[in-house]
Amino acid sequence: MIDEPSLSHVVLSVRKRIHEIPEVAMVLGSGMQGAVDLLQDATTWETHTIAGFPVPTAAGHPGRLTMGLIDGCRVIALQGRVHLYEGYTIREVVFPIRLVYALGARRLIVTNAAGGIRKDLVPGRFMLLTDHIRAESVSLYGACPPYYDQAWLNRVREAARKAGLMLASGVYVWTSGPSYETPAQINCFERMGGDAVGMSTVPEILQARALGMRVIAVSLITNAAAGRGSAKLTHQDVLLRGAKAQSTLGRLIKIMVNTATSQAL
């Protein structure tokens with residue numbers, strides 16, 4: 001486990017490489033790493049060179065930290081994340097969130113790839129998270145007030161509508177993985193009110209809110225959930241769907257960043 005003194009050492013190490021304070025932090029999920037190309041005047045380093053930083057092992061999560069500008073806003077992007085199914089503890093999974101907070105970020109954008117449960121959530125659609133269901137039990141210290149920033153969500157919806165992006169909204173179900181869910185589980189999640197399902201994001205949201213960060217999250221629907229389609233579910237298909245959605249994702253992230261720094265928030 002990575003302890004708090006180690007976090008202080010990591011912060012000092014990172015600040016030797018970057019001196020600016022990020023306004024917004026961003027976590028890029030499976031197949032979404034191309035969005036980092038949005039950052040101008042960027043500095044990138046491999047997270048395995050940062051002592052104590054958990055290193056991703058899942059495909060589509062390269063393990064990089066990039067600082068740069070999006071429309072004048074300073075953003076720090078985590079290219080890839082770690083998951084419980086990789087053998088990490090919950091504290092290690094959320095360590096990058098504690099790091100970006102310690103570096104100064106107070107707003108967080110989280111992205112993920114998810115399976116669509118609701119019928120209209122077909123592959124290629126983006127779903128803003130309005131709430132989540134924890135299929136797994138985790139414990140993190142700190143109070144967790146309402147999770148998703150409603151004012152920010154509303155601004156993203158309005159800006160996306162004006163830009164011609166039709167976003168869905170819904171409830172995300174978190175499971176620990178690494179195996180995909182069974183059709184029976186998906187039917188259960190639907191009855192519970194779940195709209196999409198995935199293996200990440202919720203631990204990061206819990207940690208960010210415990211720290212007092214303002215949070216917004218979006219799922220790219222990369223496949224139909226188990227039992228909702230005839231195709232076999234594979235991680236490679238998830239990555240391919242993410243690659244095809246890079247252009248739309250880039251437009252959406254710009255909207256999220258621009259609305260994050262709005263004076264109305």
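Relevant structure appears above.
Numbering of residues begins from 1 in every chain and follows the order in which that chain's sequence is written. Owing to the predicted nature of the model, reporting of local features is limited to residues with pLDDT of at least 70; listing and counting of side-chain atom pairs is limited to 80 or more, with chain, interface and lining totals taken over all residues. With hydrogens and water set aside, each side-chain value is computed from the structure's full complement of heavy atoms.

Trainee: What should I look at first to understand the environment of Ser 219 in this one?
Mentor: For helices the rule is a DSSP run of H or I covering at least 4 residues; for strands it is a run of E covering at least 2, with both sets numbered from the N terminus onward. Checked against the element boundaries, Ser 219 lands in strand 9 (residues 214–224). Residue class for Ser 219 comes out buried when judged on its relative accessible area of 0%. Along the chain, Ser 219 and Arg 118 lie 101 residues apart, while their C-alpha atoms are 13 Å from each other. In contact with Ser 219, not counting residues within four places along its chain, are Asn 112, Ala 114, Arg 125, Phe 126, Met 127, Leu 129 and Tyr 172. At a separation of 2.7 Å, a polar atom in the side chain of Ser 219 contacts the side chain of Asn 112. Here the term buried applies to any residue with accessible area under 20% of the maximum for its type, exposed to any over 50%, and partly exposed to those in between, with areas from a 1.4 Å probe on protein chains only. The criterion used for residue contact is that any of the two residues' heavy atoms lie within 4.5 Å. Within 3.5 Å is the distance limit for a polar contact, defined as a pair of N or O atoms, with the added protein rule that one can donate a hydrogen and the other accept it, and that residues adjacent in sequence qualify only through two side-chain atoms.

Trainee: When you look at the pairing of strand 4 (residues 73–79) in this model, what are you seeing that I'm missing?
Mentor: As a general feature of sheets, a regular strand has side chains that alternate between the two faces. Burial within strand 4 is extensive, with 7 of its 7 residues counted as buried. DSSP bridges decide pairing: two strands pair if at least two such bridges lie between them. Note: strand 1 (residues 24–28) against strand 4, 5 bridges, orientation parallel. Bridging across to strand 4, Ala 25 finds its partner in Ile 76. Taken together, the 7 bridges between strand 3 (residues 64–70) and strand 4 define a ladder with antiparallel strand orientation.

Trainee: Looking at this structure, how should I read the packing of aromatic side chains?
Mentor: Both the distance between ring centres and the angle between the ring planes are used here to describe each pair of aromatic rings. Aromatic rings from Phe, Tyr and Trp, with only the six-membered ring used for Trp, were paired whenever their centres fell within 6.5 Å, and each pair was classed as stacked if the ring planes differed by under 30 degrees, edge-to-face if by over 60, and tilted otherwise. This structure, assessed with the given rule, holds 2 aromatic pairs. A centroid spacing of 6.0 Å and a plane angle of 85° characterise the contact between Phe 53 and Phe 95, whose relative ring orientation is edge-to-face. One end of the pair, Phe 53, is in the loop between strand 2 (40–46) and strand 3; the other, Phe 95, is in helix 3 (residues 95–102), and 42 residues separate them in sequence. The exposure class of Phe 53 is buried, given its relative accessible area of 8%.

Trainee: Help me understand the environment of Asp 149 in this model?
Mentor: Mapped onto the fold, Asp 149 is located in the loop between strand 6 (126–134) and helix 4 (150–162). By relative accessible area, which is 12% here, Asp 149 ends up buried. Separated by 79 residues in sequence, Asp 149 and Ile 70 have C-alpha atoms that sit 21 Å apart. Separated by 3.0 Å, the side chain of Asp 149 and the backbone nitrogen of Trp 152 make a polar contact. A polar contact of 2.5 Å, which involves the side chain of Asp 149, links it to the side chain of Arg 214.

Trainee: I keep staring at the pattern of salt bridges and nothing clicks. Help me out?
Mentor: Two side chains of opposite charge can pair, provided their charged atoms sit close to one another. When a carboxyl oxygen of Asp or Glu is within 4 Å of a side-chain nitrogen of Lys or Arg, the pair counts as a salt bridge. Counted under the stated rule, the structure contains 10 salt bridges. As a salt-bridge pair, Asp 149 and Arg 214 come within 2.5 Å of each other at their nearest N and O atoms. Taken together, the residues span a long stretch of sequence, with Asp 149 in the loop between strand 6 and helix 4 and Arg 214 in strand 9 at a distance of 65 residues. In this structure, the salt-bridge partner of Glu 190 is Arg 228, at a minimum N-O distance of 3.1 Å. You can see Glu 190 sitting in helix 5 (residues 183–192) and its partner Arg 228 sitting in the loop between strand 9 and helix 7 (235–244), a full 38 residues away along the chain. Here Glu 190 falls in the partly exposed class, since its relative accessible area comes to 38%.

Trainee: What is the right way to look at the packing of helix 4 against helix 8 (residues 246–260) in this model?
Mentor: Working note: a packed helix pair is described by the angle between its axes plus the distance between those axes. Convention adopted: a line fitted to C-alpha atoms gives each axis, helices being fitted over their contacting stretch, and angles between N-to-C directions are expressed from 0 to 180 degrees. Interaxial distance between helix 4 and helix 8 falls to 9 Å at its minimum, and their mutual angle equals 130°. Here helix 4 lies oblique to helix 8, going by the angle between them. The interaxial crossing formed by helix 4 with helix 8 has right-handed handedness. Every residue of helix 8 that contacts helix 4 at Trp 152, Arg 155, Val 156, Ala 159 and Ala 160 is listed here: Leu 252, Ile 255, Met 256, Thr 259 and Ala 260. Ten residues, namely Ala, Val, Leu, Ile, Met, Phe, Trp, Tyr, Cys and Pro, are considered nonpolar, four, namely Asp, Glu, Lys and Arg, are considered charged, and the remaining ones, Gly among them, are considered polar. Of the residues contributing to the contact of helix 4 with helix 8, the split by class is 8 nonpolar, 1 polar and 1 charged. The labels follow the angle: roughly parallel below 35 degrees, roughly antiparallel above 145, roughly perpendicular from 65 to 115, and oblique for the rest. Two helices that cross are described as forming a left-handed crossing if the nearer one is turned anticlockwise from the farther one by less than a right angle, and a right-handed crossing if clockwise.

Trainee: Could you clarify how one ought to interpret the packing of helix 3 against helix 6 (residues 202–211) in this entry?
Mentor: In the contact formed by helix 3 and helix 6, the axes pass within 9 Å of each other and the chain directions differ by 30°. Crossing geometry of helix 3 relative to helix 6 is assigned as right-handed. Where helix 3 abuts helix 6, its residues Ile 97, Arg 98 and Tyr 101 lie against Glu 204, Gln 207, Ala 208 and Leu 211.

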